[in-house]
Each structure stands twice: as structure tokens, then as C-alpha cells.
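Summary of structural features
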Amino acid sequence: MAIVIEQDQGITSDADERIGLECPYCGMYAHMEPQSVPDAASLLRDKPKHVGLVYKCDACDEPVFLRFAVREYTDNRVELYRNFVELERPKERFAFSYLPKHTEVLFREALSCYSGGNFNAFASMCRRSTISAFDALGEGGKLRAFEEVMVAQEIAGIDDESFAPIKSVLFGSGQHEDLPLLTHAQAGILLEVLKDMFYQCFVRRGKLTRAIKVRRFFVSENNDNLVSA
Ligand SMILES: [Zn+2]
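As the structure is a computational prediction, the values presented were derived from the model and not from experiment. (Residues numbered from 1 in each chain as written. Predicted model: local features only at pLDDT ≥ 70, side-chain atom pairs only at ≥ 80, totals over all residues.)

**Considerations on the overall build of the protein chain**
Short version of the rule: In this description a helix means any DSSP run of H or I spanning at least four residues, a strand means any run of E spanning at least two, and both kinds are numbered starting from the N terminus. Using C-alpha atoms as the atom set, the radius of gyration is obtained and then compared with a globule rule of 2.2 Å times the number of residues to the power 0.38. Between the buried cut of 20 or more and the exposed cut of 12 or fewer other C-beta atoms within 10 Å of a residue's own C-beta lies the partly exposed class, and all C-beta atoms are placed from the backbone. Two residues qualify as a contact pair if the distance between their C-beta atoms, derived from the backbone, is within 7 Å.
Along the backbone of the protein chain there are six helices and seven strands. What you see for the protein chain is a C-alpha radius of gyration of 25 Å, clearly larger than the 17 Å of a compact globule of 229 residues, by over 25%. Considered along the principal axes of its C-alpha atoms, the protein chain spans approximately 80 × 60 × 30 Å. Expressed as a percentage of its 229 residues, the buried residues of the protein chain come to 21%. Counted over contacts in the protein chain with a minimum sequence separation of 6, partners at least 24 positions apart contribute 53%.

**Some remarks on the domain arrangement of the protein chain**
The following threshold applies: Domain extents, as shown, originate in an automatic or database domain assignment.
When the domains of the protein chain are assigned, the result is domain 1 (3–86) and domain 2 (96–205). The gap between the C-alpha centroids of domain 1 and domain 2 is 37 Å.

**As for the nonpolar core**
To be explicit about the condition: Each nonpolar core comprises buried Ala, Val, Leu, Ile, Met, Phe, Trp, Tyr and Cys residues, the members being joined through C-beta atoms within 7 Å.
Ranked by size, the top nonpolar core spans 28 residues in total, and within it A110, C126, L190, L194 and M197 carry the most contacts. At the level of secondary structure, the elements contributing two or more residues to this core comprise α2 (101–115), α3 (119–137), α4 (141–156), α5 (160–171) and α6 (184–228). In this structure, M197 is in contact with A145, E148, V149 and A152, ignoring residues within four places of it in sequence. Judged by nonpolar contacts, the second largest core, of 14 residues, contains I3, A30, Y55 and V78.

**Some points on the pairing of strand β6 (residues 63–73)**
In plain terms, the rule: Should DSSP find at least two bridges between two strands, the strands are taken to pair.
Taken together, the seven bridges between strand β5 (residues 50–57) and β6 define a ladder with antiparallel strand orientation. Note that in β6 the partner of K56 across the bridge is P63. Linkage of β5 to β6, two consecutive antiparallel strands, is achieved through a turn of five residues, within which D61 is found at a positive phi near 70°. Here β6 runs beside strand β7 (residues 77–86); their pairing, made up of six bridges, is antiparallel.

**Details of the environment of V70**
With respect to the helices and strands, the residue V70 is situated in strand β6. A C-alpha to C-alpha distance of 8.7 Å links V70 and K47, two positions 23 residues apart in sequence. Those residues in contact with V70 that sit more than four places away from it in its chain are P48, K49, H50, V51, V78 and L80.

**A short note on the sheet that holds β7**
Short version of the rule: Throughout, an axis means a line fitted to C-alpha atoms (over the contacting stretch in the case of helices), and angles, computed between N-to-C directions, take values from 0 to 180 degrees.
Strand order across the open sheet formed by seven strands is β2-β1-β7-β6-β5-β4-β3, with antiparallel pairing between neighbours. This sheet does not close on itself; its edge strands, each paired only once, are β2 (10–12) and β3 (19–22). The average undirected angle you get between the axes of adjacent strands in this sheet is 45°. As judged from the four bridges shared by strand β1 (residues 3–6) and β7, these two strands associate in the antiparallel manner. Residue pairing across strands places I5 opposite V78, the latter belonging to β7.

**Some remarks on the pairing of β5**
Judged from the four bridges that link them, strand β4 (residues 29–36) and β5 form a sheet pairing that is antiparallel. Residue pairing across strands places M32 opposite C57, the latter belonging to β5.

**What to know about unusual backbone geometry**
We note that D8 has phi near 70°; this positive angle belongs to a residue other than glycine. Assignment of secondary structure puts D8 in the loop between β1 and β2. Within the chain, K47 stands out as a residue other than glycine whose phi angle is a positive 50°. The topology assignment puts K47 in the loop between α1 (40–46) and β5.

**Side note on α3**
Note the cut-off: Each helix should span, by expectation, one fewer than its residue count multiplied by 1.5 Å.
Taking 1.5 Å of rise per residue, 19 residues should cover 27 Å, and α3 covers 26 Å from first to last C-alpha, within 8% of that figure. Where α3 is concerned, the buried positions are F122, A123, M125, C126, R127, S129, T130, A133 and F134. Looking one or two places after α3, you find G138, whose phi comes out positive at around 80°.

Set out below in C-alpha cells:
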């Protein structure tokens, strides 16, 4: 079933073929309702190859812009292919505040490259992020991070051959031009492995020390109260 824009009728498509995707604003997997549809008459006159529609996210009501290729123009209708390009992709999230400042800046840019589908730019920024992180971790930090990543590989059950490019990006010491070219799938693994590595090296420690500090604070407050009572 195709999506059709008809003169005088607007957009039509089967109710059970509604568009669902991960919303770039709220992050929910939600249905999208057409909100702003181009005028059929002007499309039939200009016959563009692509058509842009604004949808509304069912979960958060934010507008989501999608671009469709036109399949066919006939007398009074425009038929679109069901495949579309998302103009805004969901942002990758991370507890950035726990990272060293320099690493945070680089890793934010790395994730922005990933969201934009620039997977080799992403790999380069991952390398810069890890170098900065190892500096921040100090003596033995790189080795500790390496051990965390080995554990992650084992937990995720990734074979050595598939894991080699990931390891090379994270721990290789060569030039940027020596970085391997990554596919979308490999970049996805790199993303999850690096998030896990940063979690283990920075976020976990930060959360735990903060939580223990809070516990200690309340215990000493209570003790003070007991003493004064
Ligand atoms: Zn939403």
C-alpha cells in the first residue's frame, strides 16, 4: 500500500500502515500522524522527485519532517514510495556530566557524527575521545580501560575477527589515516562498547562516590541529631 496525495482529498494511506519510528524529540517509538502535507496541485504542476511532509509524533506532539521519493504522477494523484528519509535522527544519549570536560566535548561530537550517519567521522572522534580519556585516567588508565573492553566483548559474545576493527579504533596507536573504515553495523558495536567503557571508567565511579557521599551526609546528620537530643 502506497502513500497517495490526491487533489481535493489530501493524503490517504491504509490505517494499519501508519508510520512508526523512533521520535527524534522524545525518543519513544511512536506513530506519526501527517500534519502538514504539500498541495497536490502544486506537486502535479512542478513534479518534484522528492516530497517533504511534516508529521506529528503521537507521544509528544512535536513535528517530525520526513522526505519521500515520488513513485508516480498521474492525472490528479501523486503516489509516494513508502521508504522515507528522516531529516532529524534521534540523538544518542549519555551521562556526559560524569566524563572529564575534554572527553565530554569530544564524545558529544562523536555521538553527533553517529546520529548523522557519518560513521567514519564517528570512529575518528571515538579515537580522540579515548586518547583524552586515557590521559584523564592517568597511569595505567589505558590498560584498565582495555580490560573493561575485553570483558564487554566476552559478555556480548563478539568474535575476535569482528572485534578487531573496534579494538583498533579504541586502542590503536597509529595515525588517524590508519583507522579502519567502519560499516554501520561496526559503528553500532563501537558505540555500545565505548559507552560501556566510559560507563565503567567514569560514570560508575562518579555515581557510586556521589551516592556514598549522600548516605554519609545523612548518617552524620542523624548522629548529630541524636547527640543534640
Ligand atoms: Zn515524540
